[in-house]
Amino acid sequence: MHKRITIALAALTFAAACTQDPTAASSNELVLAQSSQAIADNVAATPSGGTNCEGWFRRLLDTLRTTDDPEARAFLEAARANRDSAWTAFQAGDTAAARAYRRTAFRDVLSAVIEIFPNAPERTGLAVDNAIDRIEKFLGGRDAPRIRAILAHVKELRVQADQAFVGGDKVTALALNLRGMQILHRLVEHVRDNHRDHDDVADGEMEAVGD
């Protein structure tokens with residue numbers, strides 16, 4: 001059930017996010033994007049799961065198999081309830097409400113992650129910073145306008161994440177850091193398709209994790 005709504009909402013997001021810019025990315029920049037994406041994935045990879053959305057979710061479930069944490073489980077139950085509400089809203093034709101419930105469900109999952117791994121926002125942010133630094137060093141002076149624009153955007157997300165963290169909103173901080181990592185994880189697609197809204201595409205992909 002949740003798979004169907006995820007696919008449907010993702011299709012709507014993709015259609016809205018794609019631009020009709022006739023200027024395609026050069027083949028050379030796509031090759032650079034492939035290498036840059038691999039750099040980001042290597043940075044995110046860890047023996048225990050990875051500092052990306054899928055990695056944290058997998059680590060959360062693995063931990064809950066052997067550790068009882070009532071608060072984390074309550075957050076996951078809330079996430080399930082919100083996904084059910086999203087499906088109900090989608091069936092009723094209210095895609096805006098469906099998206100809102102999906103977004104809330106995702107934040108519930110992040111709350112569970114932070115309950116088990118309180119340093120998840122900081123660790124993810126450091127991984128994003130490391131990935132950006134390595135990619136920029138790899139690019140050097142080579143021409144890669146779309147990649148550089150995306151890196152600049154991810155840096156802006158990092159600033160917003162740090163501001164949220166300082167303000168005490170660790171869930172938003174983790175969400176923004178994970179968004180940045182997800183964009184880097186799908187860098188080739190973002191460069192090739194020249195999405196109008198990189199954030200919306202990345203959020204839709206992450207909200208599908210665990211369905």
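Note that the structure is a prediction, hence the values are computed from the model and not measured.

## Brief notes about the overall build of the chain
Counting secondary structure elements, the chain contains ten helices and zero strands. Along the chain, helices (α) and strands (β) appear in the sequence α-α-α-α-α-α-α-α-α-α when read from the amino end. Per-residue burial over the chain gives 46% buried out of 211 residues. Considering only contacts in the chain between residues 6 or more positions apart, those separated by 24 or more positions represent 75%. With the model as given, the accessible surface of the chain reaches about 10200 Å², and the carbon-plus-sulfur share is 53%.

## A look at the confidence of the model for the chain
Across the chain, the average pLDDT comes to 89, with 87% of residues at or above 70. Scored below 50 in pLDDT, residues 10–20 makes 18 contacts in the model with residues more than four places away or belonging to other chains.

## A short note on the pattern of salt bridges
One pass over the full model with this rule turns up eleven salt bridges. With its nearest N and O atoms 2.8 Å apart, the salt bridge here joins D203 to R179. Of this pair, D203 sits in helix α10 (residues 198–207) while R179 sits in helix α8 (residues 170–185); the two residues are 24 residues apart in sequence, bridging distant segments of the chain. Residue class for R179 comes out buried when judged on its relative accessible area of 17%. Here R192 and D193 are joined by a salt bridge, their closest N and O atoms 3.0 Å apart. For R192, a relative accessible area of 45% gives the class partly exposed.

## Side note on the nonpolar core
Counting residues in hydrophobic clusters, the biggest one holds 28 residues, and the most contacted among them are I135, L139, I147, L151, V154, L184 and V191. Not counting the four nearest positions on each side in its chain, V154 is found in contact with V128, I132, G180, I183 and L184. Counting residues in each nonpolar core, the second largest holds 24 residues, with L64, L76, A112 and F117 among its members.

## Overview of helix α6 (residues 120–139)
The end-to-end C-alpha distance of α6, which contains 20 residues, comes to 28 Å, matching closely the 28 Å that a straight helix rising 1.5 Å per residue would cover. Those residues of α6 that fall on the buried side of the exposure criterion are A120, P121, T124, G125, A127, V128, A131, I132, I135 and L139. All buried residues of α6 project into a common sector of 160° when viewed along the axis, lining one side. α6 presents L126 and K137 as exposed residues on the side facing more than 90 degrees away from its buried surface. Looking at the packing, one finds that the buried side of α6 touches α2 (27–44), α3 (53–64), α5 (95–116), α7 (145–166) and α8. Positive backbone phi, approximately 55°, marks G140, located one or two places after α6.

## Details of the packing of α5 against α8
Orientation of α5 relative to α8, taken along the N-to-C sense of each, is 105°, at an axis distance of 9 Å. As summarised for this structure, α5 and α8 are arranged roughly perpendicular, according to the angle between their axes. Of the residues in α8, those touching α5 at R107, L110, S111, V113 and I114 are K170, V171, T172, L174, A175 and L178.

## Let's talk about the environment of E71
Topologically, E71 is positioned in helix α4 (residues 70–91). Residue classification places E71 among the partly exposed positions, given a relative accessible area of 48%. Distance from E71 to E115, taken between C-alpha atoms, is 7.2 Å for residues 44 residues apart in sequence.

## Some details on the packing of aromatic side chains
Overall, the coordinates contain two aromatic pairs when judged by the stated rule. The interplanar angle of 25° and the centroid separation of 6.2 Å between the aromatic rings of W87 and F90 together place this pair among those described as stacked. With a gap of three residues between them, W87 and F90 both fall in helix α4, about one helical turn apart. Above the ring of W56, the side-chain terminus of R59 is found at 4.2 Å from the ring centroid. In this arrangement the basic side chain of R142 is found over the ring face of F138, its NZ or CZ atom lying 4.6 Å from the centre.

Reading the values: the criteria
Residues numbered from 1 in each chain as written. Predicted model: local features only at pLDDT ≥ 70, side-chain atom pairs only at ≥ 80, totals over all residues. Heavy atoms only, no water. Helix = DSSP H or I, 4+ residues; strand = E, 2+ residues; numbered from the N terminus. Buried < 20%, exposed > 50% of the residue type's maximum accessible area, 1.4 Å probe, protein only. Contact = heavy atoms within 4.5 Å. Areas by Shrake-Rupley, 256 points an atom, 1.4 Å probe, with all protein chains shown as cover. pLDDT = per-residue confidence, 0-100. Salt bridge = Lys/Arg side-chain N within 4 Å of Asp/Glu carboxyl O. Core = buried A, V, L, I, M, F, W, Y, C linked by side-chain atoms within 4.5 Å. Expected span 1.5 Å × (residues − 1). Arc of directions from axis to C-beta. Axes fitted to C-alpha atoms, helices over the stretch in contact; angles between N-to-C directions. Parallel < 35°, antiparallel > 145°, perpendicular 65-115°, else oblique. Phe/Tyr/Trp six-rings, centres within 6.5 Å; stacked < 30°, edge-to-face > 60°. Lys NZ or Arg CZ within 6 Å of the ring centre and 35° of its normal.

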